[in-house]
Amino acid sequence: MTQLILDKPISVEVTQEWMGIDTARITALGAIEPPRGSYILIELSGWWDCIFSGRIINYKIRKMPGEDYYTEMLAAAPQWFLTKQYVPEEYSYLIPGVTDNPKEYIKEWLGGKDWKKITGLDWESGYLEEVSNWIEKYEYNSLHFNPARHTKWEALLAVCDKYNMGFYFKPKGFVDFYEFSFRNTSWLRHLFNRYNLQLEPDRDVKSIEIYHDFSLDSNFNRVKAAGLQEGSEWNYIVATRETRFVTWGEERPVEYIYQIPELNIDLAEQYAQEILNRLQSRSPLVNIRCRLKASISGRYWLPGLRLDLSAFRDILSKTYWRIYKVTHAWRAGEDPETIFYVSQ
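Residues numbered from 1 in each chain as written. Predicted model: local features only at pLDDT ≥ 70, side-chain atom pairs only at ≥ 80, totals over all residues. Heavy atoms only, no water.

Considerations on the environment of Pro147
- Tracing the backbone shows Pro147 in the loop between β8 (143-144) and α5 (152-163).
- Between the C-alpha atom of Pro147 and that of Tyr91, which follows or precedes it by 56 residues, the distance is 8.9 Å.
- Once you skip the residues sitting within four places of it in the chain, Pro147 turns out to touch Tyr86, Val87, Glu89 and Ser92. (Helix = DSSP H or I, 4+ residues; strand = E, 2+ residues; numbered from the N terminus. Contact = heavy atoms within 4.5 Å.)

A look at the sheet that holds strand β7 (residues 121-122)
- Spatial strand order, β7-β10-β9: 3 strands in an open sheet with mixed pairing. Both edges of this open sheet fall to β7 and β9 (165-171), since each of them pairs with a single strand only.
- Looking at chain direction, β9 and strand β10 (residues 178-184) are connected through 7 bridges and run antiparallel. The residue bridging Lys170 from the neighbouring strand is Glu179, located in β10.
- Sheet contacts for α5: β9 and β10; angle to β9, the most-contacted strand, approximately 135°. (Pairing = 2+ DSSP bridges. Axes fitted to C-alpha atoms, helices over the stretch in contact; angles between N-to-C directions.)

Points about the pattern of salt bridges
- Counted by the stated rule, this structure contains 7 salt bridges.
- For the salt bridge of Glu72 with Arg62, the shortest nitrogen-to-oxygen distance reads 3.7 Å. Note that Glu72 is positioned in strand β5 (residues 70-76) and Arg62 in strand β4 (residues 50-62), a separation of 10 residues in sequence.
- Residue Glu72 is classed as partly exposed on the basis of its relative accessible area, which comes to 24%.
- Glu130 is the partner of Lys103 in a salt bridge, and the nearest nitrogen-oxygen pair spans 3.3 Å. Here the residue Lys103 occupies a position in helix α2 (residues 102-109), and Glu130 occupies one in the loop between β7 and α4 (134-137), the gap between them amounting to 27 residues.
- Since its relative accessible area comes to 16%, Lys103 is described here as buried. (Salt bridge = Lys/Arg side-chain N within 4 Å of Asp/Glu carboxyl O. Buried < 20%, exposed > 50% of the residue type's maximum accessible area, 1.4 Å probe, protein only.)

Considerations on the nonpolar core
- Phe52, Trp109, Phe180 and Phe340 are the most contacted members of the largest nonpolar core, which totals 62 residues.
- In terms of residue count, α5 provides more of this core than any other element does, 6 residues in total.
- Phe220, Val223, Leu263 and Leu279 belong to the second largest nonpolar core, which has 11 residues in total. (Core = buried A, V, L, I, M, F, W, Y, C linked by side-chain atoms within 4.5 Å.)

Section: unusual backbone geometry
- The backbone of Met19 shows a phi angle near 60°, a positive value even though the residue is not glycine.
- Topologically, Met19 is positioned in the loop between β1 (9-17) and β2 (23-29).
- Unlike most non-glycine residues, Asn164 shows phi in positive territory, near 60°.

Looking at α2
- If you check which residues of α2 are buried, you get Pro102, Lys103, Tyr105, Ile106 and Trp109. All buried residues of α2 fall inside an arc of 160° around its axis, so they share one side.
- Close packing links the buried residues of α2 with β6 (93-94), α4, α5 and β10.
- Two to three positions downstream of the cap, the backbone nitrogen of Lys103 sits 2.8 Å from a side-chain oxygen, assigning the N-cap of α2 to Asn101. (Arc of directions from axis to C-beta. Polar contact = N/O pair within 3.5 Å; in protein donor to acceptor, adjacent residues only side chain to side chain.)

What follows is the structure, given as structure tokens:
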């Protein structure tokens, strides 16, 4: 395991995204051949501000006539390995009353005692929370994963979806390991609502650009719940719910199809209405592009945290926004730039 240290970086871009994998794109001067399996650390201003640590996945060496060689590299954080590893057979079936708690299965998915070697994720004491009332509350909610088809990443998402849990990652800062936290949704909501990243124009920001996007998801105004008719090979619509926000004459529905086997009409109508309500309540997406005066030392940003933009209330009707993606970019000779992708 070798740490790659670059003497002449040209540009760096780190992307952190909710329910995504942290990645880094680095361009450096010269023909660089990173050793296979090498890792790279990216910091903002010292040990406490490490924003990325991960392995080099690929690299490309380029040269234009009359110019020097330069190398482009892509690195991925430890979460990447979860998308390339499959659930082990002996830990693929969660059965209430038989499985004491998914916590032990998750430990094994992450490599057990060999977590550093297998996934690079640290789940030391306090990081993994018990699922409450596992036997009673989830008596019929077993989960079965196919070891040949379901990755560890997919399994974690399924467990969270079924048992009202959530997880997040955070770079540890001195090696290519990430902290892994698996918690109850209410605890995570409290954590992410408690800490707010506040930007002050005079102190932090050199320039700001606010871009509004009425996202595709927020424009769905018709939901169809589809089921499979007994003995049929075709899906059919069993319930439709819609609302109108196009008001100048002709209706223009944007449809969302939700499919589930063996739907009855009452259940289908409930599903359709609930999904429509959620789609209609989604807010526009907003990109906040900031040219920072300097690294915001000591203040860590993580997708899921709230961004406090009360200093810009003169152009924003709402001042608290949830960060779902953040990109840090830097080019030689320029100020660092951070783009927050936020929504309500």
